[in-house]
Amino acid sequence: MRIGTMFKDILKSFFTKSSTQLYPVERVAPPERYRGILSYNPSVCTGCTLCVKDCPSDAIELVILDRAAKQYVMKYRMDRCIYCGQCVVNCKPKGIGMSNQEWEHAALDQNFMVYYGKEQDIAKYLEDSAKSPIAETES
Amino acid sequence: MNIEQNLQKAEQILAPWNKETTHPELNRLDASLAAENLRPAVTALHAARWGYLSAITGLDLGAESGQMEALYHFCSGPAITTLRVRLPRTGEATLPTIEDIIPPATFFERELHEMLGFKIAGAKSNDRLFISDDWPEDVYPLREDFNIEQATPVEGRHADETPEVGMVGENKFVIPIGPQHPALKEPGHFEFTVDGEVVTGARMRLGYAHRGIEKAAESRNWIQNLYLFERICGICSHTHAYAYSLGVEKLAQVEVPARAQAIRELVAGLERIHSHLLWLGVTAHEAGFDTLFMYSWRDRETVMNLLEQLTGNRVNYSANLLGGVKADVGPEQAKAIKEGLNFLETRIRHYLEVVTTDTMFLNRTRGIGTISYEEAEEFGLLGPTARASGLLRDVRVEAPYGAYHQFPISGVTETNGDLEARCVVRLKELLVSCFALRTILDNLPEGPLTVRMPRKVPAGETVSRVEAPRGELFYYIKSNGGEHPARVHIRTPSLCNWVSVLEKAVGRQLADVPMLIAGMDPCFSCNDRLVTTVGRTGERQTWSWKQLRQHGIEYYKR
């Protein structure tokens, strides 16, 4: 039995750099496998919707405008996503990925819906859904 | 004695009351009993010291069969004996209590009563333990015909009712601790009756963080559930996913590749290091030794970073898939893990020295909350809490699963059974873990990471047990052959270890109570996983952001 068993650690700390990372001034690169925001590539998508079926939090929805012309729009709700990466595993043609660079999601508004797809497809989808009153009720 | 003989012995013990014997899976024996024969059968098993009561699962077999079933799982090493009692669904489904024979059964029985509506004849207390106070009578959330409309909160039966607190008699004062309390960071409510500074009685109430996960699991598919269960607990999230995937793979008769199994054990080992270091910090903090708290948590960052590097996340790693793992261990990760382990091992040895020599800390731990071997067995303790009393309850050693056949672990036990022994057991376990992790990294089997998993799991039921950092984690999974599980029952280690606090607080100083609670490493979110308080249709949760914000503004205007 003795006292001050951790004095050595404390003394040592006087002469070493603090362990606390001073984010956001000091930025540490996220690891390669970090699961950040979703990415989607419509040109390889086959429209199998396996990603949607297995999503544990209903974060993604795939709108198939025209399967033959590969016109897909993916609606992604960042706020629902739990970043588990199951959709990335399910996607056989590797059309879904998760970025390890974009991970700072804090925002001032609550508009977390992201549309993925070719630009003209998204425009078409938004136009169509604006016409029909049932769609787009959720925000 | 091998497993077969052990099961035969159980069958012989149960023979006088047994109506029908079945073998639903390997190393398991099911015996059907009548409700009135339950007590003699349990007494006989208990008297013959055949295993310990691991969990009681309640099943609602549906309106068609008109029956409910209670499954009493006894585990002895890898052998499991299940006593099945069937009762009619309608009317009084009465089970005799076994809490006087096996004390921890009281929590399991309470669960049966509150979730499924079994009546427990002879139970000492009928207070609600898990379910909220304003939940209506005779509405049981795990019944098949349960409808969220039925769950409207009952006025007058409210949790805010003032409990018996303060001076309640001569020389008797009740001190409430929690659900929100500075000495207890998680939501649990305790009422300690004190005479001066000495605790003379203890009561507890859980369920402040119920999320209805078992019920929610029934409406999600097998894969979605993997992530749901991972979120039961933030600290042992991997073990939950591990136990669940082991069970589902057993049901689907899928053999997971050796490399995937080894990686699962690797993540489990790293998780154990982070969990025990976190616990060490919390305990040190409760003891007023904040230096140890700060430094152990600083070192814990090392293992958190390793986990992040390996799996892609710090907390809910999502390393598992049904039929394998997501993350491979490449040379880069292996090198990082080895370096991290070297650092951690020196630190753990240092902490081991601190907790066994520091005078101040020893004053708070040595000889406090001592649990003898016999008591540990009687209370049904699990994990490090039991191992500190010399009772080797470790599923990894007793009933190896997954990669633990190939990379066995040596069980660590201490004999003193006090808080100091619990510190020592946990830290020594970390050294064992470090050693095992290095062995795995050096001998990682080659091969694929995943195998194909069917979307529909064949009908059947299985028990899957995994050693979480806090003790044995128990999963009972039942499938009807569909895309969703029919029932998943989870018994977490914390639930069994509560008895150690309630029994040991009596007679101690009140100041020791926080240390006693911290000493068993309670995990409230693991405990409170069962019930939905108010669902999506309920009034309280349909508040929009705007309304909530408005409410907040109005509230603070007053």
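Novice: I'd like a rundown of the overall build of chain A, residues and numbers included.
Specialist: Counting its secondary structure elements, chain A contains 4 helices and 5 strands. Overall, chain A shows an N-to-C arrangement of helices and strands of α-β-α-β-β-α-β-β-α. Taking 2.2 N^0.38 as the reference for a compact globule, 139 residues should give roughly 14 Å; the C-alpha atoms of chain A span a radius of gyration of 22 Å, well beyond that estimate. Taking the principal axes of the C-alpha coordinates as reference, chain A spans close to 75 × 35 × 25 Å. Residues classed as buried in chain A amount to 36% of the 139 residues present. Taking the intrachain contacts of chain A between residues at least 6 apart in sequence as the baseline, contacts between residues at least 24 apart amount to 64%. For chain A, the computed accessible surface area is about 9000 Å², with 58% contributed by carbon and sulfur atoms. Looking at chain A, you have 18 positive and 17 negative side-chain charges, and the mean spots of the two groups are 10 Å apart.

Novice: Could you give an account of the side chain of B:H189, naming the residues involved and the relevant values?
Specialist: Residue and element names in this part refer to chain B. For H189, the location among the structural elements is in strand β10 (residues 189-195). There is a polar contact of 2.9 Å between the side chain of H189 and the side chain of E191. Apart from the residues lying within four places of it in its own chain, the contact partners of H189 are P176, I177, G178, P179, R203, M204, R205 and Y208.

Novice: I'd like a description of the pattern of salt bridges, backed by residues and values.
Specialist: All names here are of chain B. One pass over the full model with this rule turns up 40 salt bridges over all chains. A salt bridge links D145 to R89; the shortest N-O distance between them is 3.3 Å. Of this pair, D145 sits in the loop between β7 (119-121) and β8 (166-169) while R89 sits in the loop between β5 (79-88) and β6 (94-96), and the two are 56 residues apart along the sequence. Close ionic contact of E429 with R272 constitutes a salt bridge, the shortest N to O distance being 3.8 Å. Here E429 is found in helix α14 (residues 419-442), whereas its partner R272 is found in helix α7 (residues 258-286), with 157 residues between them in sequence.

Novice: An account of the nonpolar core is needed here, citing residue identities and associated values.
Specialist: B:Y72, B:L83, B:L95, B:F118 and B:W498 are the most contacted members of the largest nonpolar core, which has 76 residues in total. A per-element tally of this core places helix α15 (residues 493-505) of chain B first, with 7 residues. Composition of this core by domain shows at least three residues from each of domain 1 (3-147) and domain 2 (213-527) of chain B. In this structure, B:L95 is in contact with B:L38, B:A70, B:Y72, B:V85, B:L87, B:L112, B:F118, B:K119, B:I120 and B:A121, ignoring residues within four places of it in sequence. Counting 53 residues, the second-largest nonpolar core is a separate cluster that includes A:M6, B:A319, B:V325 and B:L430.

Conventions used here
- Residues numbered from 1 in each chain as written.
- Chains lettered and ligands numbered in written order.
- Predicted model: local features only at pLDDT ≥ 70, side-chain atom pairs only at ≥ 80, totals over all residues.
- Heavy atoms only, no water.
- Helix = DSSP H or I, 4+ residues; strand = E, 2+ residues; numbered from the N terminus.
- Rg over C-alpha atoms; globule rule 2.2 N^0.38 Å.
- Buried < 20%, exposed > 50% of the residue type's maximum accessible area, 1.4 Å probe, protein only.
- Contact = heavy atoms within 4.5 Å.
- Areas by Shrake-Rupley, 256 points an atom, 1.4 Å probe, with all protein chains shown as cover.
- Lys, Arg positive; Asp, Glu negative; His and termini not counted.
- Charge placed at Lys NZ, Arg CZ, Asp CG, Glu CD.
- Polar contact = N/O pair within 3.5 Å; in protein donor to acceptor, adjacent residues only side chain to side chain.
- Salt bridge = Lys/Arg side-chain N within 4 Å of Asp/Glu carboxyl O.
- Core = buried A, V, L, I, M, F, W, Y, C linked by side-chain atoms within 4.5 Å.
- Domains from an automatic or database assignment.

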